[in-house]
Structures are given as structure tokens and as C-alpha cells.
Amino acid sequence: MKLTTAGESHGRALVGIIEGLPANLGIDVSLINADLALRQSGYGRGGRQKIENDRIEVLSGVRNKLTLGSPLAFAIINSDYANWEKYMSAGDCDVTARTLTKVRPGHADLTGLKKFGQTDARNVLERASARETAVRVAAGSIAKQYLAALGVRVGGRVISVCGVKDEGIYPFERLAEAKEGKLFMIDKAAEERAAALIDELKAAGDTAGCVAEVRVHGLKSGFGSCMTYGEKLDGRLAGALMGVQAVKGVEIGLGFAAADLPGSRVHDEIFSENGNFVRRTNNAGGIEGGMSNGEEIVVRAAMKPIPTLMRGLNTVDYLTGESCRAAGERSDVAAVCAFETIAESVAAFVVAQAVAERLGGDDMAQVVERYERL
Ligand code: EPS
């Protein structure tokens, strides 16, 4: 299973192509649109989300709500393109307006200008923009539907916003509560403190990052492989999550904390109960030897603060070489709920890929049968 994405933030549309889906997978477009809406939601988002109403338009690969086994192509139309067509059109357009040369620290602007031989960072930032993640959310939503057919569920929550933490430990069933709040935290008192902090940062022209936790519930053991490094499920999850704009860290299970503890307090001991192998802890986060071990997969990803600050950071104008403040292009103060939604989607796609690789299957019924036989 493979996803290709394309599209500029203010271009005509964002597009995706998923190859490798089996035939006869039911596709519920309303679930995909619900996930796209979650990506647009949340406290701290900027003006763009008031313009957009992201919805998937399936272009191929689905008939009568069932996949055909052919590439599933889709588009998410950018409503804002109507305001940008004169600057972004593929034909003749005005490239002298909406230019950006006061390069923003933390963005792709400066390195992208040099690498791609450009003089206007617009030609870099349009693609580097996190708006591309709408495609990954749509694809992840389809991956969730594939996994749901096997009884595998994906959920998540926000555990920290700019240092304001939810210290709670919650069972999978409680993750849905996170989605009821404005920052996807389960601890509502922490969520209120985080929202107040976002207000303060906004007033100061500043921004915030966050940590999201994604959990995959009900996945049987043996997905991923210990045999080659490229097949390791933890490596693939970390790689995919690091591939999300602004992610600076990923940990699985105890993660970095495991390095500070003796082995006796880290490794999940194995017991025998009614002839089954059981564990009473899940410090490994559901992955041992690069393979799912049947426990819940727990992965956390850290997003740095949004690098466009309205008060501007010190920088240098790319064309004049003069010191200045970085451009204050319209942006979010924080994209917390968006990030949690994206992290879930990306993780779901990786797990679906690992399942598809191991089980194959041209027809979804075959995939289900093979999964049940494991
Ligand atoms: C985004 C849309 C963008 C930004 C953000 C993410 O809208 P605009 O640039 O038109 O305001 O809010 O992208 C970035 C600025 C970035 O640097 O990634 C979206 O739909 O998620």
C-alpha cells in the first residue's frame, strides 16, 4: 500500500493516490470528511480554516462505496484558490505579488530558496506548508476503515501543549473523551490551562507546540519484522511521524524514559495464564523486535511551535542581505487538534501498510480471513 501526495497550499487542490488497497473495502466518505473536519478544528488555529471546508472528492478506485482494487485517487479542493489564482495559476500569473524574502526561521524558506534555485520563498513554502497533511488525514481515514474491518482501532489524545501536561493514564475506551474538548486533552482542567496559555501567546505574537499520543488497539502480533531494518514497525512509525511537518521527536512506549531506568523496571515480563502468554505492563509500547507483540501500540510525537510568529523573529532578507524581522504570513498560534488528527492518520496508514504487506489479498474478504486465521 502506497500513498503519493501533491498540491500547493494555495494551489487549485491537494491530491492523493493510494495504491495497493484490496477490492471490496467499504469506503464511508462521511467518516473521511469527519476526520478532515477534525484536522481543521481546535483552539489556536488561524484564519485559513474559516475559508476552507475540506472535503474529499474521490476521483477513482471506488464504485458504489466499495474499492475496486485499482488506485484510489482523490482531491481536496482549496477554496482559497479563488483568492490566489492570479498569483498561483499554472499558466501566466503575477509572481511579483505575495512574494516572501524575509525568510522565517524554523521554516523551509531559506534552505529551500538555496536548494531549488528560487528567489521567492513562495515557491518553496507553498509545498512545505502543513496544509499537505489534509491528504495524509484522508488517506489515514481510509486506512482506519481498512483496519476497522479487522477489528483494529486507532485513537489518540493530546498529552501536552507548550509544557502544560495531562499526567493521566487512561484506557483506550476513554480516548474518545479527548475529542470532546477544544485541545483534545482528556484532563479538562489541563485543557483549560493550555487554552489560556494559547491566548497569552497569541496576544504576544508567539506560538506553541504540543505532544500527541496515538494508540493502536487490537492489532495481533507479528506485524513488522525483526529480519530487516526497513521492515521494523517502530522504525516505520517513527519515520512516518517524523515526516509530518514540524515534528521533532517520536517515542514508543516508555521512549526516552526507558534509557534512565534499569532493565528490571523497563522490560515487560511474560506470564502464563490459562495457557496464554500475558504481560502485565506495556512499557514496550506494543512493539518488540520491530514487530507488534499483541499489546496496544503506544507512540508519541512532539511538534515544535509553529515557526511563523506574528511578532517576527530576527532574520535576513534573502535578496538584500539586510537584517530584518521575519515575514508574518497568516498562520496558526497552535495546531494542536490538527496535529493529533494527523498523527493518528499517519500511524494508521503505516499499520495498514504493514498488515497489507504481510497478508496480501486482492479482496478484502481474503484479508479478513487471513487475519482471523493468525
Ligand atoms: C494550513 C493552512 C495554512 C496554514 C498552515 C496550515 O493556511 P494559510 O497559509 O493560507 O494561512 O495555516 O500552514 C502553514 C502556515 C505552515 O507553515 O505549514 C492547513 O490547512 O493546515
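To keep things clear, this report deals only with the structure shown in the data block.

Calculation notes
Residues numbered from 1 in each chain as written. Predicted model: local features only at pLDDT ≥ 70, side-chain atom pairs only at ≥ 80, totals over all residues. Heavy atoms only, no water. Helix = DSSP H or I, 4+ residues; strand = E, 2+ residues; numbered from the N terminus. Rg over C-alpha atoms; globule rule 2.2 N^0.38 Å. Buried < 20%, exposed > 50% of the residue type's maximum accessible area, 1.4 Å probe, protein only. Contact = heavy atoms within 4.5 Å. Lys, Arg positive; Asp, Glu negative; His and termini not counted. Charge placed at Lys NZ, Arg CZ, Asp CG, Glu CD. Near = heavy atom within 4 Å. Polar contact = N/O pair within 3.5 Å; in protein donor to acceptor, adjacent residues only side chain to side chain. Areas by Shrake-Rupley, 256 points an atom, 1.4 Å probe, with all protein chains shown as cover. 1 Å grid on protein atoms, 1.4 Å probe; cavity = no way out; pocket = protein on both sides within 12 Å on 5 of 7 lines; lining within 4 Å. Sits in = over half its atoms within 2 Å of the grid points. Nonpolar A, V, L, I, M, F, W, Y, C, P; charged D, E, K, R; others polar. Axes fitted to C-alpha atoms, helices over the stretch in contact; angles between N-to-C directions. Left-handed = near helix turned anticlockwise from the far one by under 90°. Pairing = 2+ DSSP bridges. Phe/Tyr/Trp six-rings, centres within 6.5 Å; stacked < 30°, edge-to-face > 60°. Lys NZ or Arg CZ within 6 Å of the ring centre and 35° of its normal. Points joined across faces, edges and corners; volume = space filled by probe spheres on them. Parallel < 35°, antiparallel > 145°, perpendicular 65-115°, else oblique.

1. Re the overall build of the chain
The helix and strand tally for the chain stands at 11 helices and 18 strands. In terms of C-alpha radius of gyration, the chain reaches 22 Å, essentially the compact-globule figure of 21 Å for 374 residues. Dimensions of the chain along its principal axes, counting C-alpha atoms only, are 70 × 50 × 40 Å. Expressed as a percentage of its 374 residues, the buried residues of the chain come to 48%. If you take every contact in the chain between residues at least 6 apart in sequence, the share linking residues at least 24 apart comes to 69%. Across the chain, 45 positive and 48 negative side-chain charges occur, with their mean positions spaced 2 Å apart.

2. Structural notes on the site of the ligand
Neighbouring the ligand are H10, R39, R45, R48, Q49, H107, S129, A130, R131, R330, S331 and D332. Separating an oxygen atom of the ligand from a side-chain N or O atom of Q49 is a distance of 3.0 Å. Within the side chain of R330, a nitrogen or oxygen atom sits 2.6 Å from an oxygen atom of the ligand. Across the complex, the protein chains shield 91% of the 460 Å² of accessible surface that the ligand would expose by itself. With respect to the detected pockets, the ligand is housed in the largest pocket. Among the residues making up the shell around the ligand, the classes are represented as one nonpolar, five polar and six charged.

3. A few points about the packing of helix α9 (residues 233-242) against helix α10 (residues 336-359)
Contact geometry for α9 and α10: axes closest at 9 Å, N-to-C directions at 145°. Crossing hand, α9 versus α10: right-handed. Residues L233, R236, L237, A240 and L241 of α9 form the contact with α10, whose own contacting residues are A343, V346, A347, V350, V351, Q353, A354 and E357. In terms of residue class, the contact of α9 with α10 is built from 10 nonpolar, one polar and two charged.

4. Section: the sheet that holds strand β10 (residues 210-217)
Spatially, β9-β8-β10-β16-β11 is the arrangement adopted by the five strands of the open sheet, whose pairing is antiparallel. The open sheet has two free edges, formed respectively by β9 (164-165) and β11 (247-252), since each of these has just one partner strand. Here strand β8 (residues 153-161) runs beside β10; their pairing, made up of eight bridges, is antiparallel. Bridged to G155 within β10 is R215.

5. Regarding the packing of aromatic side chains
Per the stated rule, a full pass over the model turns up two aromatic pairs. Both rings, one in F223 and one in Y371, keep their centres 5.9 Å apart while their planes meet at 25°; by these two values the pair is stacked. Taken together, the residues F223 in the loop between β10 and α9 and Y371 in helix α11 (residues 364-373) connect sequence positions 148 residues apart. Since its relative accessible area comes to 0%, F223 is described here as buried. Residue placement shows K220 over the ring face of Y371; its charged tip is 4.9 Å from the ring centre.

6. A look at the sheet that holds strand β1 (residues 2-6)
With respect to topology, four strands assemble into an open sheet ordered β1-β2-β7-β4, the strand pairing being antiparallel. The open sheet has two free edges, formed respectively by β1 and β4 (57-58), since each of these has just one partner strand. Two elements, β1 and strand β2 (residues 13-19), share five bridges in a ladder whose sense is antiparallel. Paired with K2 across the bridge in β2 is E19.

7. Here we look at the environment of D317
Positionally, D317 belongs in the loop between β17 (314-316) and β18 (323-325). Sequence spacing of D317 and L110 is 207 residues, and the spatial spacing of their C-alpha atoms is 9.6 Å. Not counting residues up to four positions away in its chain, the partners in contact with D317 are T101, K102, E322 and C324.

8. Here we look at the layout of surface pockets
Its boundaries defined by the atoms lining it, the largest pocket holds a volume of some 880 Å³. Lining the largest pocket we find 40 residues, and of these H107, A128, S129, A130 and R131 sit closest to its centre. Counting only elements with at least two residues in the lining of the largest pocket, the list comes to α2 (48-51), α5 (122-128), α6 (133-148), β11 and α10. The dominant element in the lining of the largest pocket, judged by the number of residues it contributes, is α10, at three residues. Along the lines of polarity and charge, the residues of the lining of the largest pocket split into 15 nonpolar, 13 polar and 12 charged. Approximately 750 Å³ is the volume found for the second largest pocket. The wall of the second largest pocket is formed by 25 residues, among which R157, I169, E213, V298 and R300 lie closest to the centre. Those elements that place two or more of their residues in the lining of the second largest pocket are β8, β10, β11 and β16 (297-303). Here the element with the most residues in the lining of the second largest pocket is β16; it accounts for four residues. When grouped by side-chain class, the residues that make up the lining of the second largest pocket number 10 nonpolar, six polar and nine charged.

9. A look at the packing of helix α1 (residues 29-40) against α10
For the pair α1 and α10, interaxial distance at closest approach is 6 Å and the crossing angle is 140°. Accordingly, the angle class assigned to the pair α1 and α10 is oblique. Of the residues in α10, those in contact with D35, L38 and R39 of α1 are C337, A338, T341 and I342.

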